[in-house]
Amino acid sequence: MLGAAALLTAVLLTAWPPVGQAQDGSLSLSGRVVRLTIDGERAVAGERVVLHRVSAREAGPVDSVLTDARGHYAFRVATPDTLAMFLASARYAGIAYFAPPAQAGQDAPPPGEIVVFDTTSRDVPLRVQGR
C-alpha cells in the first residue's frame, strides 16, 4: 500500500505546475480569490486563504492569510520541500475551494486564482408534499 501511495505521489508531482522560487531558495505563491456572478468576477476581500503542503511523508496546513481589498493573497515559505506540492484553499459559504496545486523547485509560478461561487444567496421555497 505504501508503495502505491509513493508511486501515485511521484506521478502527481510531475504533472502539476511549479511555483516561483526566489534566489534565496524561498518559495512564493500568490493569487486572488474571486466570486463569479452574472455581472462577471468580483474580488472577495477578507477571505482566509490557507496554504497546505502535501508530501509522501506528511500533509497539512503551513500558513494562512486574509485576502486584501482586491482579493489578493501571497505566501512565502522560507525552506520549501522540493518534493512536496502546495495547495491554497479558501472556504466560502461553508464550501472549500482550491487553487491549482503547485510544486517547488521550478521557475514559472502557476495562476493561484481561487474561484468561489455563491450557492445560497436566494431563498429557495420548499413545499412539503407528504410525510
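Placed above this text is the structure.
Residues numbered from 1 in each chain as written. Predicted model: local features only at pLDDT ≥ 70, side-chain atom pairs only at ≥ 80, totals over all residues. Heavy atoms only, no water.

Trainee: Just to check I follow, could you spell out the pairing of strand β7 (residues 85-92) for this structure?
Mentor: For a regular strand, side-chain orientation follows a simple rule: the groups alternate between the two sheet faces. With respect to burial, β7 is a largely interior element, seven of its eight residues being buried. Sheet topology places strand β4 (residues 48-54) next to β7; six bridges connect them, and they run antiparallel. By the bridge assignment, Leu 51 is partnered in β7 with Ala 88. Of the pairings in the sheet, the one linking β7 to strand β9 (residues 102-103) comprises two bridges and is antiparallel in character. Pairing of Met 85 across the sheet is with Gln 103, part of β9. As paired strands, β7 and strand β8 (residues 95-98) are joined by four bridges and run antiparallel to one another. Each residue of the ladder has a partner; that of Tyr 92, found in β8, is Ile 95. (Buried < 20%, exposed > 50% of the residue type's maximum accessible area, 1.4 Å probe, protein only. Helix = DSSP H or I, 4+ residues; strand = E, 2+ residues; numbered from the N terminus. Pairing = 2+ DSSP bridges.)

Trainee: Explain the pairing of strand β3 (residues 40-43) here, please?
Mentor: Note: strand β2 (residues 27-37) against β3, four bridges, orientation antiparallel. In the sheet register, Thr 37 faces β3, and the bridge partner there is Gly 40.

Trainee: In this structure, what is going on with unusual backbone geometry? I would like to understand it.
Mentor: Among all residues save glycine, negative phi is the norm, and among peptide bonds the norm is trans. With a phi angle near 55 degrees, Ala 93 is a residue other than glycine that sits in the positive phi range. Overall, Ala 93 belongs to the partly exposed group, its relative accessible area being 47%.

Trainee: Help me out: how do you make sense of the pattern of salt bridges in this one?
Mentor: Oppositely charged side chains can pair when the atoms bearing their charge come close. Enumeration over the complete set of coordinates arrives at four salt bridges. Here Arg 32 and Glu 113 are joined by a salt bridge, their closest N and O atoms 3.1 Å apart. Placement of Arg 32 in strand β2 and of Glu 113 in the loop between β9 and β10 (114-116) is noted, with a sequence separation of 81 residues between them. Here Arg 32 falls in the partly exposed class, since its relative accessible area comes to 26%. Judged by its relative accessible area of 29%, Glu 113 falls in the partly exposed class. Glu 58 is the salt-bridge partner of Arg 53, the closest N and O atoms lying 3.4 Å from each other. Its relative accessible area of 24% is what places Arg 53 among the partly exposed residues. (Salt bridge = Lys/Arg side-chain N within 4 Å of Asp/Glu carboxyl O.)

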